[in-house]
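# Report on the structure
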Amino acid sequence: MTIWFATGNEHKRRELAAILSGHSVKIPSDAGIAFDPDETGSAFLENAFIKAHTLFELVREPVIADDSGLCVDVLGGKPGVYSARYGAVGATGGKLTSSERNALLLKEIGAATGRTARFVCAMALVLSKERFFAVQETLEGEIVNEERGARGTGGFGYDPIFFLPEQGRTMAELSEQEKNSISHRAKAARAIGKMLETL
Ligand code: ITT
């Protein structure tokens, strides 16, 4: 089946396509569609539905969207739904690079000893305006301390500063396959994949 993934993030596409390998996963840029809807929701799931319904109106074929981010306990759940825009200057202006965002987050957390955090991924599958499914999944971990610092070159975004105690490595030190066996997005995608099998 052709499934559209309402994202502009190539890393996310690779991760989803690896899980839904029996399907053809397309993103808007494959069809020359400029796609950047305003993510005005205050919850991950709200934003996932905004992205999915917006693209569904354009392609009229099954659409998946995810809205994801990092929630740090000592920061009261920040950056949360603002993960992609964390530290951006002004409402429309200057987004930081991933490494600048990671450095800012480490600075905000400072020397706090409780460094627990989780990645969250809300994923929606929209089959028509009135027919849809949704799931939200998490992956628990810790933010590296300043002494240990960011590590690894795999993945994207906050992966280099997200430490997995059971693995003894950051998410960015995992192979693509390893990340896809445990990640928040992979867990959500597997659940959506099961729903697709029942259609
Ligand atoms: P789309 O909205 O186009 O899908 P995006 O990257 O802006 O792409 P989100 O709005 O869902 O996606 O923002 C998610 C941000 O959270 C993302 O940019 C990363 O900074 C972070 N994030 C989400 N999943 C992540 C992961 O698996 N590893 C590292 N960082 C992640």
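As the structure is a computational prediction, the values presented were derived from the model and not from experiment.

### A short note on the site of the ligand
Near the ligand you find 19 residues, and of these T7, K12, K51, D159 and R185 are the closest. For the ligand, an oxygen atom lies 3.0 Å from a polar atom in the side chain of E39. D67 has a polar side-chain atom sitting 3.2 Å from an oxygen atom of the ligand. Computed on the free molecule, the ligand has an accessible area of 600 Å², of which 91% lies beneath the protein chains in the complex. Those elements that place two or more of their residues in the shell around the ligand are β3 (63-72) and α5 (184-197). It is β3 that contributes the most residues to the shell around the ligand, 3 residues altogether. Across the shell around the ligand, the residue classes break down as 4 nonpolar, 8 polar and 7 charged.

### Digging into the environment of N145
With respect to the helices and strands, N145 occurs in the loop between β6 (131-143) and β7 (162-164). Measuring from C-alpha to C-alpha, the distance between N145 and G155 comes to 20 Å, with 10 residues separating the pair along the chain. Within the structure, N145 has its side chain in polar contact with the backbone nitrogen of R148 (distance 2.7 Å).

### Examining the pairing of β3
Here β3 lies mainly inside the structure; 10 of its 10 residues are buried. Judged by which residues are buried, β3 turns out to be covered on both faces: V63, A65, D67, G69 and C71 on one side and I64, D66, S68, L70 and V72 on the other are all buried. One ladder, built from 2 bridges, connects strand β1 (residues 2-5) with β3; its direction is parallel. Each residue of the ladder has a partner; that of F5, found in β3, is I64.

### Considering helix α1 (residues 10-19)
Burial in α1 covers these residues: K12, R13, E15 and L16. One side of α1 holds all its buried residues, which, seen down the axis, span an arc of 165 degrees. Two or three places before H11, at the start of α1, stands the capping residue N9, its side-chain oxygen 2.9 Å from that residue's backbone nitrogen.

### Comments concerning the pattern of salt bridges
What the rule picks out here adds up to 15 salt bridges. Its salt-bridge partner being R13, residue E10 comes within 3.1 Å of it at the nearest N-O pair. Note that E10 and R13 are positioned in helix α1 at a spacing of 3 residues, about one turn of the helix. For R13, a relative accessible area of 15% gives the class buried.

### Digging into the pairing of β6
Pairing of strand β5 (residues 116-128) with β6, which is carried by 12 bridges, proceeds in the antiparallel orientation. Counterpart to L125 in the pairing with β6 is F133. In this antiparallel pair of consecutive strands, β5 and β6, the connection spans 2 residues. Two elements, β6 and β7, share 2 bridges in a ladder whose sense is antiparallel. Looking at β7, one finds that E142 is bridged to F163.

Reading the values: the criteria
Residues numbered from 1 in each chain as written. Predicted model: local features only at pLDDT ≥ 70, side-chain atom pairs only at ≥ 80, totals over all residues. Heavy atoms only, no water. Near = heavy atom within 4 Å. Polar contact = N/O pair within 3.5 Å; in protein donor to acceptor, adjacent residues only side chain to side chain. Areas by Shrake-Rupley, 256 points an atom, 1.4 Å probe, with all protein chains shown as cover. Helix = DSSP H or I, 4+ residues; strand = E, 2+ residues; numbered from the N terminus. Nonpolar A, V, L, I, M, F, W, Y, C, P; charged D, E, K, R; others polar. Buried < 20%, exposed > 50% of the residue type's maximum accessible area, 1.4 Å probe, protein only. Pairing = 2+ DSSP bridges. Arc of directions from axis to C-beta. Salt bridge = Lys/Arg side-chain N within 4 Å of Asp/Glu carboxyl O.

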